[in-house]
Amino acid sequence: MTEKTPGNVNMEKITSLCRRRGFIFPSSEIYGGLSSCWDYGPLGVELKRNIKEAWWRAVVRERDDVVGLDTSILMHPQTWEASGHLQGFSDPLAECKSCHQRWRTDDLEGSSCPACGGELTEPQMFNLMFKTFMGPVEDTASTVYLRPETAQGIFVNFANVLDTTRKKLPLGIAQIGKSFRNEITTGNFIFRSREFEQMEIEYFVKPGSDEEWFNYWLEERRNWYLRLGIREENLRLRQHMKHELAHYARDCYDIDYLFPMGWAELEGIANRGDYDLTQHAKYSGKSLSYFNEDAKEHLVPCVIEPSAGVDRTFLAVLCDAYDEEPDGDEIRVLLHLHPELAPIKVAVLPLSRKENLAHVAQEVYAELRQCWTVSYDDAQSIGRRYRRQDEIGTPFCVTVDFASLEDRAVTIRERDTMNQIRVPMETLRTTLAAKLAGEALFTLPPGGKIWKEERKQTSS
Ligand code: GAP
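A short tour of the structure in this document, coming up. The structure presented is a predicted model; accordingly, all values stated were derived computationally and were not measured.

Some remarks on the overall build of the protein
Line of reasoning, step 1. Counting its secondary structure elements, the protein contains 13 helices and 24 strands.
Line of reasoning, step 2. Its C-alpha atoms put the protein at 75 × 65 × 45 Å along the principal axes.
Line of reasoning, step 3. Within the protein, buried positions represent 51% of all 460 residues.
Line of reasoning, step 4. Here the analysis covers contacts within the protein between residues at least 6 apart in sequence; of these, 66% occur between residues at least 24 apart.
Line of reasoning, step 5. As displayed, the protein has an accessible area near 22200 Å², and 50% of this comes from carbon and sulfur atoms.
Line of reasoning, step 6. One finds the centroid of the 56 positive side-chain charges in the protein at a distance of 3 Å from the centroid of its 71 negative side-chain charges.

What follows is the structure in structure tokens.
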């Protein structure tokens, strides 16, 4: 991870915003937190759900060739022998003989402990899988692992999905779920944690067509991030060098994002060949081949695997959306979130708490929340309320004022431009639906007018 910090964002600003506004809290904070584990708060959970929903829509709902799956976190222990995780999913660690901290050898600069200068042991391989016990007796027969990736749940269900869906190749199986890794080097907020969520597709293809499909998925996945508003200059595709490739991978690219700490992996896209199905067939003794009707022969499909992290996408989306603008003597912090991702789509803001106004505003609120996640805010000045919504990326605010009581019209104010238009309450829902779906902002209704929210003047 090297290179420059993009724009005016840094990790401190992102973590502070997340804590302040309830996107993310340290896990079990009242007990002092738990290292590298995080809790998603009321706004965080909405943003996270929207990311997963956007992914599911793009890779499952809008396609004929991909189906979904949700497999258990605990799997038969032989799964991890077959996949190679028991033998190979390890980092070399050296332990300090004085303070007993363990260090990844590739993170060490000298030959002594970075914390206390103590002498280090010879490096030993340390498996990254979390172990636990199934059943009442803690013996080796009942050892199970928290899955370190969702992928294996897909491979072991390949035949089940094929039999029950009667699909032909190419066939993708997609899954979103939690994974666990006892990472040695954690940090950079939610970038690398010990419990995280993955969005993985295993795309099964006929051998020989794997390269073509590999290139297809590189393009498809990169475009997904662009469609969600991530800036092109902050994304890059990086091919793995030979020595970086996992033993089973024929080829692999990372989609990297330019995080504040530098370029780092957002998603990995690998051509895994037929390694996984072959291994599971061997260990389980069950056939995991596919009958190719055209050639009347059995074959073992190759697999293309686009594997993305929900939490890393969350972090990238926030970093990319973060912006600051001068606002008088203050700073307007705003998140330019894509409307599809914004945790709150619309905020309803009555100009005053007077009962007759609140009544109409509540009417508007009740109608809009049937369609979207909407918030209602009547505390403090309207300017402060706009800023609160800007900071969490709410694309539209709807202001109900005293004129609304007469003309049954309200003001829509747009986050990025701060433009405002007035629309009749009876068309509010359809107008907002069109705007949220990406209609050019503020195409004016006949006879309508646009005006700007007044900015504060600097005091000097
Ligand atoms: N099945 C392939 C696989 O798991 P990976 O590159 O190890 O590949 C895929 O992980 C994605 O999962 C990564 O690109 C990243 O987004 C996410 N990920 C992996 N380890 C993570 C961690 N410790 N914390 C957060 N996200 C992680």
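Focus: helix α7 (residues 210–227)
Line of reasoning, step 1. With 18 residues, α7 should reach 26 Å at 1.5 Å per residue; the first-to-last C-alpha distance of 25 Å fits that figure.
Line of reasoning, step 2. Within α7, burial applies to D210, W213, F214, W217, L218, R221, R222, W224 and Y225. Summarising the axial view, the buried residues of α7 lie within an arc of 165 degrees, below the 170-degree limit, and thus occupy one face.

Focus on the site of the ligand
Line of reasoning, step 1. Taken together, 20 residues form the shell around the ligand, and within it E149, E183, S193, E200 and E265 come nearest.
Line of reasoning, step 2. One of the side-chain N or O atoms of E149 is found 2.6 Å from a nitrogen atom in the ligand.
Line of reasoning, step 3. Against a free-state accessible area of 550 Å², the protein chains account for coverage of 89% of the ligand.
Line of reasoning, step 4. Only β10 (195–205), β13 (262–273) and β16 (302–309) provide two or more residues apiece to the shell around the ligand.

Quick word on the packing of aromatic side chains
Line of reasoning, step 1. In total, this model carries 15 aromatic pairs according to the counting rule given.
Line of reasoning, step 2. Ring centres of F191 and F259 lie 5.3 Å apart, and the angle between their planes is 75 degrees; this geometry places the pair in the edge-to-face category. Here F191 is found in the loop between β9 (171–180) and β10, whereas its partner F259 is found in strand β12 (residues 251–259), with 68 residues between them in sequence.
Line of reasoning, step 3. Judged by relative accessible area, F259 falls into the buried class, the value being 0%.
Line of reasoning, step 4. Of the aromatic side chains, those joined through ring pairs into one cluster are Y203, W213, Y216 and W217.
Line of reasoning, step 5. When the ring centre of Y40 is taken as reference, the NZ or CZ atom of K48 above it lies at 4.1 Å.
Line of reasoning, step 6. Between R272 and the ring centre of Y248, over which it is positioned, the NZ or CZ distance is 4.1 Å.

Points about the sheet that holds β10
Line of reasoning, step 1. Reading across from one edge, β3-β9-β10-β16-β13-β12-β11 is the order of the 7 strands in this open sheet, with mixed pairing throughout. Of all the strands in the sheet, the pair left with one neighbour each is β3 (66–69) and β11 (235–239). Averaged over all neighbouring strand pairs, the angle between strand axes comes to 25 degrees, with direction disregarded.
Line of reasoning, step 2. Relative to β10, β9 runs antiparallel, the two being bridged by 10 bridges. Within β10, the residue paired with G172 across the bridge is Y203.

Notes on the nonpolar core
Line of reasoning, step 1. Counting 62 residues, the largest nonpolar core has I14, F23, W224, F259, F314 and L315 as the members making the most contacts within it.
Line of reasoning, step 2. Residue contacts for F23: discarding those within four places in its chain leaves L17, C18, D39, Y40, G41, L43, G44, L47, F314, L335, P343 and I392.
Line of reasoning, step 3. Membership of the second largest hydrophobic core comes to 21 residues, among which are V364, V374, V398 and V400.

Observations regarding the sheet that holds strand β4 (residues 90–95)
Line of reasoning, step 1. Pairing is antiparallel in the open sheet, where 3 strands are placed in the order β5-β4-β6. Strand pairing shows two members of the sheet lacking a second neighbour, β5 (102–104) and β6 (124–127), which therefore form its edges. Across this sheet, the average inter-strand angle for adjacent strands is 50 degrees, counted without regard to direction.

A look at the pattern of salt bridges
Line of reasoning, step 1. A complete count under the given rule lists 38 salt bridges for this structure.
Line of reasoning, step 2. A salt bridge links R21 to E391; the shortest N-O distance between them is 3.0 Å. With R21 in the loop between α1 (11–20) and β1 (24–26) and E391 in helix α11 (residues 382–391), this residue pair connects regions lying 370 residues apart in the sequence.
Line of reasoning, step 3. When the shortest N-O distance is used, the salt bridge between R272 and E305 registers 2.9 Å.

Let's talk about the environment of S35
Line of reasoning, step 1. When you line up the elements, S35 lands in the loop between β1 and β2 (38–40).
Line of reasoning, step 2. Given a relative accessible area of 46%, S35 falls into the partly exposed group.
Line of reasoning, step 3. In this structure, the C-alpha to C-alpha distance between S35 and M241, residues 206 residues apart in sequence, is 32 Å.

Focus: the pairing of β10
Line of reasoning, step 1. In terms of burial, β10 is a largely internal element, 10 of the 11 residues being buried.
Line of reasoning, step 2. Both β10 and β16 contribute to a ladder of 6 bridges, which runs antiparallel. Bridge assignment links V205 to a residue of β16, and that residue is C302.

Brief notes about the pairing of strand β22 (residues 409–414)
Line of reasoning, step 1. Where burial is concerned, most of β22 is hidden: 6 out of the 6 residues are buried.
Line of reasoning, step 2. On β22, burial covers both faces: A409, T411 and R413 on one face and V410, I412 and E414 on the other are all buried.
Line of reasoning, step 3. Where strand β21 (residues 396–400) meets β22, 4 bridges bridge the pair, whose relative direction is antiparallel. Residue pairing in the sheet places T399 in a bridge with T411 of β22.
Line of reasoning, step 4. Pairing geometry for β22 and strand β23 (residues 419–424), over 5 bridges, is antiparallel. Residue pairing across strands places I412 opposite I421, the latter belonging to β23.
Line of reasoning, step 5. Count of turn residues in the β22/β23 antiparallel hairpin: 4 residues, of which M418 carries a positive phi of about 65 degrees.

What counts, and where the lines are drawn
- Residues numbered from 1 in each chain as written.
- Predicted model: local features only at pLDDT ≥ 70, side-chain atom pairs only at ≥ 80, totals over all residues.
- Heavy atoms only, no water.
- Helix = DSSP H or I, 4+ residues; strand = E, 2+ residues; numbered from the N terminus.
- Buried < 20%, exposed > 50% of the residue type's maximum accessible area, 1.4 Å probe, protein only.
- Contact = heavy atoms within 4.5 Å.
- Areas by Shrake-Rupley, 256 points an atom, 1.4 Å probe, with all protein chains shown as cover.
- Lys, Arg positive; Asp, Glu negative; His and termini not counted.
- Charge placed at Lys NZ, Arg CZ, Asp CG, Glu CD.
- Expected span 1.5 Å × (residues − 1).
- Arc of directions from axis to C-beta.
- Near = heavy atom within 4 Å.
- Polar contact = N/O pair within 3.5 Å; in protein donor to acceptor, adjacent residues only side chain to side chain.
- Phe/Tyr/Trp six-rings, centres within 6.5 Å; stacked < 30°, edge-to-face > 60°.
- Lys NZ or Arg CZ within 6 Å of the ring centre and 35° of its normal.
- Pairing = 2+ DSSP bridges.
- Axes fitted to C-alpha atoms, helices over the stretch in contact; angles between N-to-C directions.
- Core = buried A, V, L, I, M, F, W, Y, C linked by side-chain atoms within 4.5 Å.
- Salt bridge = Lys/Arg side-chain N within 4 Å of Asp/Glu carboxyl O.

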